[in-house]
Each structure stands twice: as structure tokens, then as C-alpha cells.
Amino acid sequence: MPESILSPQRIATEAFIDASMAVARLAEIYERNVGFLRDSLEAYVRGEPLETPVRATYPFVRITTGTHARVDSRLSYGFVSGPGVHETSVTRPDLFRDYFNEQIGLLIQNHGVPVEIGESDEPIPIHFAYQRDINITGSLPARDRPLRDLFDTPDLATIDDAIVNGTLPPGTRQPLAMFRAARVDYSLHRLYHYTGTDPEHFQNFVIFTNYQFYVDAFARICRERMAAGDPVGDAFVEPGNVVTGNARLGGPAPTHAPPERLPQMPAFHLVQPDSRGITMINIGTGPSNARNITDHVAVLRPHAWLMLGHCAGLRNTQKLGDYVLAHGYVREDHVLDEELPLWVPVPALAEMQVALEQAVGEVTGLTGFELKRVMRTGTVASVDNRNWELGDHAATIRRLSQSRAIALDMESAAVAANGFRFRVPYGTLLCVSDKPLHGEIKLAGMAGEFYRQRVGQHLEIGLRALEKLKSQERERLHSRKLRSFTEVAFQ
């Protein structure tokens, strides 16, 4: 006979035609259920007896449609792909409140039917009942049964990207969002671990870089803006959740103490209302880092991300400090070969390309044919071997020539490929820092001077490009090119 499970009384499923009321019910269910788990665990830690397993589940959003009628064909999200039952579990309504309001509101508006809110069958792992990682091992009383016998723990067999990758087996209920709740919670916890800042500080426009010089320059700009009373920004957040408020808003001195050591991929956030600010993350070197951080940032559903970094120039006509606007990628980094086969093209997105090219022109003062003096548009090759120059020189030259690549790095293809995979608009603007095929190898003294001359301008271009993207209609920025045949409704 199955062991009984201690759970809170289920809240009945209810239909809503008002998005804000639906989201309020999601929050009610979620807060009640995670509170139940925390209370149960903390009582257990105090030594109170617990004879049966404890379980609480995530809330769900469901919509049922019975027609193939098409909604506005210009849209890339906000509607289900066909008749049937479409459902997803959700987490952290406090963090995603605005997002859920928009997505649920679009469903009600586009289909003219209510959404249902209730309790799913997906258990909340005890680790995810807390917004920050908890370490309770030393506090647990000596018992015969391990913790996982009494509380649900993360199940990596079900926390996956099957929906995103298009490998989810068919079922009676179709997915409504890219990620189910536990997958989102998993990444929210990893974000703090890797970046040193809580998920609520992340903004909807993200810059990835592979050099600390860029985040140093970004931090300096953000601190100056806060001190000068920036007319748009609310605060600047650094690793350790160190918050510098805007002087215009009477912002206090920085709160919290910076960490003793920077995290592996430190994040810095220029916070604006409605999360329309900019997050910059130093992802470090290599495609594994690039894939890792984008796997996690994707659950926040940003509106765009850019790769700003350094690269090797492959053409003799390029100069150190020239810019490379990627319009294609040679994916020899191998970190996404299984999830996104190499035969899948990762196209350039017109909205991103135009914003980046215009920003380069405005910052450098060059236009038209003159812009070609400092920027080339072409293919970027990304590899997984930092010492690629030491391999078979003739074979390397042949492969790069056949691909028509004009630059080489280690991160850009993974950032772009995961943008394509997660339906997040992506773009790449690199700066040539060396030309190893032509005898211009970056040395320590040369590197310092190069960085001083170019980092500030390169960052200004990236920031200006994101401002241009912010001014576009949301529906235009989230291109239909990133959506597949049968897509989930949520952005």
C-alpha cells in the first residue's frame, strides 16, 4: 500500500478572464505551497517528528481552445498553435508578475476564452521552496531516513529542455511555455551562484563579454550616472547585490558588502523601470561558459542579448581595433551539437544587425562606404581550442578560407546558437585584438594600450544599439524567424 503524503488542501481550479486576477491566484497558490514546505522542513530541523513524506506542487496556467482560427499573423507569440489543451506549471509569480500579466492577457485577448489557474501535479523540490540556496545539512537531526525520503528534491530526469529542443513526446496536453517550473527554478538558483546577483536584478537587455575590461567600464559609467541623477535609471547593482541608488531618487549609499572574491561570471545591472535596463555579464573564456550562462539567463525571457568581445582578425585588410558584425557563424565549439545540430542555420536577425550597424556609424562618425574602414560584416568562426594557431597551419587556413570567415573567437557562436534555440533575439559585434595569421600576436604591453583605446568606444556602441532596440515595438523585435511550426504561446 502506497505511503500517505502530507500536503496542503488543494485549491480548486478556477477560470479567469482578467489577467491580473489570474496572476494573483498564481501567487496565492505558490506562496501558500512554498510556505507549507518551509514550515514543514523547519519543524523537522527543530526535531519535531515527521512520519510521512511532505509534498506541495507548483501552480499551473491552462487554456483550452477548440478552433483552428488564426490570430494576427504578424505576431510571434501570445497565441496557441491550434486547438487542444495547453498548459504549463509556473514558479515565482513575484519575480515574473509583469511577464505573466502580459502573456496571460495576450492569451485571453487573442482567443477570447478564459484561462484556468490551479495546482499542477509537478512537485516543488524543497531546495526551490527557498529563493536562495540553503545549507541545512549540519542542522538536520540524526534520523534513519534521508531527507529525500521526506521531501521532493530536484529530479534531473524531468528538469530538461525537451520543449525548447522540440523533443517532448506528444501528449494530451501541449506545452504553453518554453520551460516548466522546476527548470526555471533550477536556473534561477544557478544564476546567483555564477553571477553573484539575485534574479530580480536582471534586466531585459543583456550584454555578454569575454573581458573584465568591459564590465569595469560599464560599472564606471553606471556609477557616474547614478551620482549625476540619471533621468531613466533607478539603481546600479553589482555582485553581492551591492545596490547604488540614483541620486535623483534620493538613493542611499551602496547597500551590502561586496563579496571577498568575484563569482565565476560576475553580473552588473543598470536597473530601469519594468526591467528595461541593461545587464552586463563577464562570461569569461570559452564556449562552455557561453552555453552555461545563456542556458540560465534564457529562463528570464530577455528581449535581446548581445555578444561584445574581442576576436582574432583573419583578413590582412583588417586592422587592430576594427569591428566585426557577425552575419553567420562557423560552429566548431561543439557545446550545442546535440541540442542544435550543425545543419541548422543560425541566421542574422535584421533588427539586431541594423541597430548595431547604425550604432557603429553614430559613435565613429562614419557612414556609407566610409564605414567599411572600421567595420566588416561577415562570418565568425567559434572554436573550442584557445591554441588553435598551433595546429596544422595549412588545414586551418583552408577551413577558414572555405568558410569565408573574417574573425575567430570562442564564445559568439554559442551565444547566438542558444539565442536561436531559446527564441531570444541575438547579435554579435566583436573587436579585432590580434591577427595571429598575419604575425600580429597580442603581447602584454600592446594589449594594455589596445584595451585603453577601444573598450570605451566598443561599449558605447553596444549600449547605443540596445537603446535602439528598446525603442522598437516588442512585436517587431521578437521576430517570427525564431519560432518553429508549432510554438508555445508564451514569449
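Residue positions are counted from 1 within each chain, in the order its sequence is given. At least 70 in pLDDT is required for a residue's local features to be given in this predicted model, at least 80 for side-chain atom pairs to be given and counted, and no such filter applies to totals for whole chains, interfaces and linings, which use all residues. Derived side-chain values reflect all non-hydrogen atoms in the structure, with water molecules and hydrogen atoms excluded from consideration.

**Here we look at the state of the cysteines**
Then comes step 1: Only a pair of cysteine sulfur atoms within 2.5 Å qualifies as a disulfide here. Under the defined criterion, the tally for this structure stands at zero disulfides.
Then comes step 2: Sulfur of Cys-431: no disulfide; nearest cysteine sulfur belongs to Cys-311 and is 7.1 Å away.
Then comes step 3: Any residue under 20% of the maximum accessible area for its type is buried, any over 50% is exposed, and the rest in between are partly exposed; the area is computed with a 1.4 Å probe on protein chains only. Residue classification places Cys-431 among the buried positions, given a relative accessible area of 0%.

**Some points on the sheet that holds strand 4 (residues 115-123)**
Then comes step 1: As summarised here, the arrangement of the five strands in space is 1-4-2-3-5, forming an open sheet in which the pairing is mixed. Of all the strands in the sheet, just strand 1 (14-16) and strand 5 (173-175) have a single pairing partner and so form its edges. Mean inter-strand twist for the sheet, computed between neighbouring axes without regard to direction, equals 40°.
Then comes step 2: For two strands to count as paired, DSSP must find a minimum of two bridges between them. Here a strand is any run of E in DSSP of at least two residues, a helix any run of H or I of at least four, and the numbering for each starts at the N terminus. Relative to strand 4, strand 1 runs antiparallel, the two sharing three bridges. Note on geometry: axes are lines fitted to C-alpha atoms, helical ones only across the stretch in contact, with angles between N-to-C directions running from 0 to 180 degrees.

**Focus on empty space enclosed by the protein**
Then comes step 1: Using a grid of 1 Å spacing that covers the protein atoms alone, one calls a set of points a cavity when a 1.4 Å probe fits there but cannot get out, and a pocket when the set is open and has protein on both sides within 12 Å along at least five of seven lines; lining residues are those with an atom within 4 Å of a point. Grid points are joined across faces, edges and corners, and a volume is the space filled by probe spheres set on the points. For the structure shown, the criterion picks out two cavities of 30 Å³ or more.
Then comes step 2: Roughly 150 Å³ of internal volume is contained in the largest cavity.
Then comes step 3: Along its surface, the largest cavity is lined by 16 residues, and Tyr-99, Phe-100, Ala-177, Phe-179 and Val-184 are the ones closest to its centre.
Then comes step 4: If you list the elements that add at least two residues to the lining of the largest cavity, you get strand 3 (84-89), helix 2 (93-111) and helix 4 (181-195).
Then comes step 5: The greatest single-element share of the lining of the largest cavity, amounting to three residues, is contributed by helix 2.
Then comes step 6: Ten residue types, Ala, Val, Leu, Ile, Met, Phe, Trp, Tyr, Cys and Pro, are classed as nonpolar, four, Asp, Glu, Lys and Arg, as charged, and the remainder, Gly among them, as polar. Across the lining of the largest cavity, the residue classes break down as eleven nonpolar, four polar and one charged.
Then comes step 7: Of the volumes computed, that of the second largest cavity is approximately 30 Å³.

**Quick word on the environment of Arg-148**
Then comes step 1: If you trace the backbone, Arg-148 turns up in the loop between strand 4 and helix 3 (162-165).
Then comes step 2: On the basis of relative accessibility, which here comes to 62%, the residue Arg-148 falls in the exposed class.
Then comes step 3: In this structure the C-alpha to C-alpha distance between Arg-148 and Arg-190, which are 42 residues apart in sequence, comes to 21 Å.

**Here's the deal with the nonpolar core**
Then comes step 1: The criterion is simple. A nonpolar core is a set of buried Ala, Val, Leu, Ile, Met, Phe, Trp, Tyr and Cys residues joined through side-chain atoms within 4.5 Å. Core analysis: the largest hydrophobic core is formed by 109 residues, its most contacted members being Ile-104, Val-115, Phe-208, Phe-218, Ile-281 and Trp-305.
Then comes step 2: Judged by nonpolar contacts, the second largest core, of 20 residues, contains Tyr-30, Tyr-130, Leu-150 and Ala-181.

**Describing the packing of aromatic side chains**
Then comes step 1: Only centres within 6.5 Å qualify two rings of Phe, Tyr or Trp (six-membered ring in Trp) as a pair; their planes then separate them into stacked at under 30 degrees, edge-to-face at over 60, and tilted for everything else. The tally for this structure, following the rule as stated, stands at ten aromatic pairs.
Then comes step 2: Taken together, a centroid distance of 6.3 Å and an interplanar angle of 15° make the contact between Phe-236 and Phe-268 stacked. Of this pair, Phe-236 sits in strand 7 (residues 235-238) while Phe-268 sits in strand 9 (residues 267-271), and the two are 32 residues apart along the sequence. Both residues of the pair, Phe-236 and Phe-268, belong to the buried class.
Then comes step 3: Among the aromatic residues, those joined into a ring-pair cluster are Phe-96, Tyr-99, Phe-100 and Phe-490.
Then comes step 4: Lysine and arginine charges are scored as sitting over a ring when NZ or CZ, respectively, is within 6 Å of the ring centre and within 35 degrees of the ring normal. For Arg-38, the ring lying beneath its charged end belongs to Tyr-130, and the centroid distance is 5.9 Å.

**Some points on the packing of helix 1 (residues 19-45) against helix 2**
Then comes step 1: It is the contact of helix 1 with helix 2, at a shortest axis distance of 8 Å, that shows an interaxial angle of 140°. Between helix 1 and helix 2, the interaxial angle falls into the category oblique. Helix 1 and helix 2 meet at a crossing whose hand is right-handed. Mapping the contact onto sequence places Ala-19, Ser-20, Ala-22, Val-23, Leu-26, Ala-27, Tyr-30 and Glu-31 in helix 1 and Pro-93, Asp-94, Arg-97, Phe-100, Asn-101, Ile-104, Gly-105 and Ile-108 in helix 2.
Then comes step 2: Its residues assigned to classes, the contact of helix 1 with helix 2 shows ten nonpolar, three polar and three charged. Angles below 35 degrees are treated as roughly parallel, those above 145 as roughly antiparallel, those between 65 and 115 as roughly perpendicular, and all remaining angles as oblique. Crossing handedness: left-handed means the near helix sits turned counterclockwise from the far one by under a right angle, and right-handed means the same turn made clockwise. Between two residues, a contact is recorded if the distance between any of their heavy atoms is within 4.5 Å.

**Observations regarding helix 4**
Then comes step 1: The first and last C-alpha atoms of helix 4 sit 21 Å apart over 15 residues, in line with the 21 Å expected at 1.5 Å per residue.
Then comes step 2: Of the positions making up helix 4, those classed as buried are Ala-181, Ala-182, Arg-183, Val-184, Asp-185, Ser-187, Leu-188, His-189, Leu-191, Tyr-194 and Thr-195.
Then comes step 3: Of the residues flanking the end of helix 4, it is Gly-196, one or two places downstream, whose phi is positive at about 80°. Working rule for helices: expected span equals 1.5 Å times residues minus one.

**With respect to the packing of helix 6 (residues 287-297) against helix 9 (residues 412-422)**
Then comes step 1: Viewed as axis vectors pointing N to C, helix 6 and helix 9 meet at an angle of 30°, and their least axial separation amounts to 9 Å. Overall, the two elements helix 6 and helix 9 adopt an arrangement that is roughly parallel. Viewed along their axes, helix 6 and helix 9 form a crossing whose handedness is right-handed. Contacts from Pro-287, Ala-290, Arg-291, Thr-294 and Asp-295 of helix 6 reach helix 9 at Ala-414, Val-415, Asn-418, Arg-421 and Phe-422.
Then comes step 2: Along the lines of polarity and charge, the residues of the contact of helix 6 with helix 9 split into five nonpolar, two polar and three charged.

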